Amino acid sequence: MDNYKIFRSTLLSYSSYAGLQNSNNSSEDYEKMYGTLIFLLLLGSSSLTGVSAFSNGAVIQSCDGMTPGHGSNTAMSVPPPFLVISDNSTYTADQEITVTLQANETAFKGFMLQARDAVTGDRLLGMFSVMESEGQLLYCEGKATAVSHISSADKKSVQAKWIPHSSETRDIEFRATFVRSFNEFWVGVRSSRIMFAGMIPNSTMAPNSTVMSTLKATLAMTPNGSPSLSYSLSLLVLPLVLLAFPSKH
């Protein structure tokens, strides 16, 4: 039963109840009508709570546990019919990653997306930017560290971009809460692990000066006219040469 029908029934019941008060009906009739009115009011209130609980996605209070405030309902224990997909399995400093929340068959109505430490799971990492009209930023811990929905319309797929901090070096997991109805939601659905792959080089690395000095001194010590000794020293020096000229990635 939708909200309009519930409150229409409530209004009609109330009108009937008011009419009974002005008549000479028995006290038993009053009690029956009063009980019906209270039941309908409670039912209507419950239905409205079910819709408003996740309709606009402004759920800052859920930043820590990622659990929607749906009364006494608890997260589903069966495998989720949804996926959290990253477009990369590794990342470097300042590299953007596109994250997709994907429904297998049944659409979801609400969601929350975060990036967390893959080991401890207790730290929110990096920041997000929204890519489409179905998402909005949530400022958990004062930063744009989460994304949620803006309406309870059915969704099959939602995307957002994640940007690590320049000093970030942890492996991460994307975690999401999916809401299918007031009674059906999944908390902490995880992506595959995204490994930190190193810093982005800012400039071409120059040969290490200490290694170059050692190389020059070693070559100067090589006696003239001693090919076997020169060859042996070359084998010893070769690793130093490789260290002095690192390969570019």
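Whatever comes next refers back to the structure up there.
Now for a look at the structure at hand. Bear in mind the structure is a predicted one, so any value in this text is a computation, not a measurement.

Reading the values: rules and limits
Per-chain numbering applies: the sequence of each chain, read as written, is numbered from 1 onward. Two thresholds apply to this predicted model, a pLDDT of at least 70 for residue-level local features and 80 or more for giving and counting side-chain atom pairs, whereas whole-chain, interface and lining totals are computed over all residues. Each side-chain value is worked out from all heavy atoms of the structure, with water and hydrogens disregarded. We define the nonpolar core as a collection of buried residues of types Ala, Val, Leu, Ile, Met, Phe, Trp, Tyr and Cys that are connected through side-chain atoms lying within 4.5 Å of one another. Type-normalised accessible area, obtained with a 1.4 Å probe on protein chains alone, sets the label of each residue: buried when under 20%, exposed when over 50%, and partly exposed for intermediate values. Secondary structure follows DSSP: runs of H or I at least 4 residues long count as helices, runs of E at least 2 residues long count as strands, and numbering of each begins at the N terminus. We call two residues contacting when some pair of their heavy atoms lies within 4.5 Å. Strands are treated as partners if at least two bridges between them are detected by DSSP. All axes here are fitted lines through C-alpha atoms, helices being fitted over the stretch that makes contact, and every angle between N-to-C directions spans 0 to 180 degrees. Definition of a polar contact: a pair of N or O atoms within 3.5 Å, with one able to donate and the other able to accept a hydrogen when the atoms are protein atoms, and with sequence-neighbouring residues admitted only if both atoms are side-chain atoms. Note on ring pairs: Phe, Tyr and Trp rings are taken, using the six-membered ring of Trp, and paired if centres are within 6.5 Å. Classes follow the plane angle, with under 30 degrees stacked, over 60 edge-to-face and the rest tilted.

## Remarks on the nonpolar core
In terms of nonpolar packing, the biggest core is built from 24 residues, with Val-84, Leu-113, Trp-162 and Phe-174 touching the most fellow members. Elements with a minimum of two residues in this core: strand S1 (82-86), strand S3 (97-103), strand S4 (110-117), strand S8 (157-163), strand S9 (172-179) and strand S10 (185-190). Not counting residues up to four positions away in its chain, the partners in contact with Val-84 are Val-99, Thr-100, Leu-101, Leu-113, Phe-174, Ala-176, Phe-178, Val-189, Arg-190 and Ser-191. With eight residues, the next largest nonpolar core counts Val-59, Cys-63, Met-112 and Leu-138 among its residues.

## Some details on the pairing of S9
Burial within S9 is extensive, with eight of its eight residues counted as buried. Where burial is concerned, the two faces of S9 agree: the one with Ile-172, Phe-174, Ala-176 and Phe-178 and the one with Glu-173, Arg-175, Thr-177 and Val-179 are both buried. For S4 and S9, the ladder comprises eight bridges, and the chain directions are antiparallel. Within S9, the residue paired with Ala-115 across the bridge is Phe-174. Of the pairings in the sheet, the one linking S9 to S10 comprises four bridges and is antiparallel in character. Among the inter-strand pairings, Ala-176 is bridged to a residue of S10, identified as Val-189. Linking two consecutive strands that pair antiparallel, namely S9 and S10, is a turn of five residues.

## A look at the environment of Val-189
Assignment of secondary structure puts Val-189 in strand S10. With relative accessibility at 10%, the residue Val-189 sits in the buried group. Between the C-alpha atom of Val-189 and that of Phe-178, which follows or precedes it by 11 residues, the distance is 7.9 Å.

## Here we look at the sheet that holds S8
Across the sheet, four strands lie side by side as S1-S3-S8-S5; this open sheet has antiparallel pairing. Strand pairing shows two members of the sheet lacking a second neighbour, S1 and strand S5 (127-130), which therefore form its edges. On average, each strand axis in the sheet is inclined to that of its neighbour by 25°, with strand direction left out of account. Inspection of the sheet shows S5 paired to S8 by four bridges, in the antiparallel sense. Looking at the pairing, Ser-129 lines up with Lys-161 of S8.

## Observations concerning the environment of Asp-117
Relative to the assigned elements, Asp-117 resides in strand S4. Judged by its relative accessible area of 8%, Asp-117 is buried. For the pair Asp-117 and Glu-173, spaced 56 residues apart in the sequence, the C-alpha separation amounts to 6.4 Å. Non-local contacts of Asp-117, meaning those with residues more than four positions away in its chain, are made with Arg-123, Leu-125, Arg-170, Asp-171 and Arg-175. Of note is the side chain of Asp-117, whose polar atom sits 3.3 Å from the backbone nitrogen of Thr-120.

## Here we look at the packing of aromatic side chains
The final tally for this structure, using the stated rule, is nine aromatic pairs. Between Phe-82 and Trp-186, the aromatic rings sit 5.5 Å apart at their centres with planes inclined by 80°, giving edge-to-face as the arrangement. With Phe-82 in strand S1 and Trp-186 in strand S10, this pair connects stretches of sequence that are 104 residues apart. When sorted by exposure, Phe-82 lands in the same class as Trp-186, which is buried. Centroid distance Tyr-91 to Phe-196: 5.4 Å. Interplanar angle 65°. Geometry classified as edge-to-face. Here Tyr-91 is found in strand S2 (residues 90-91), whereas its partner Phe-196 is found in strand S11 (residues 195-196), with 105 residues between them in sequence.

## Examining the sheet that holds S4
In space, the five strands of this open sheet follow the order S6-S7-S4-S9-S10, with antiparallel pairing throughout. Edge positions in the sheet fall to strand S6 (135-140) and S10, since each has one partner strand and no second. Taken over all neighbouring pairs, the strand axes of this sheet differ in orientation by 25° on average, direction set aside. Bridge count for S4 against strand S7 (residues 143-149) is three bridges, and the pairing is antiparallel. Pairing of Leu-113 across the sheet is with Val-147, part of S7.

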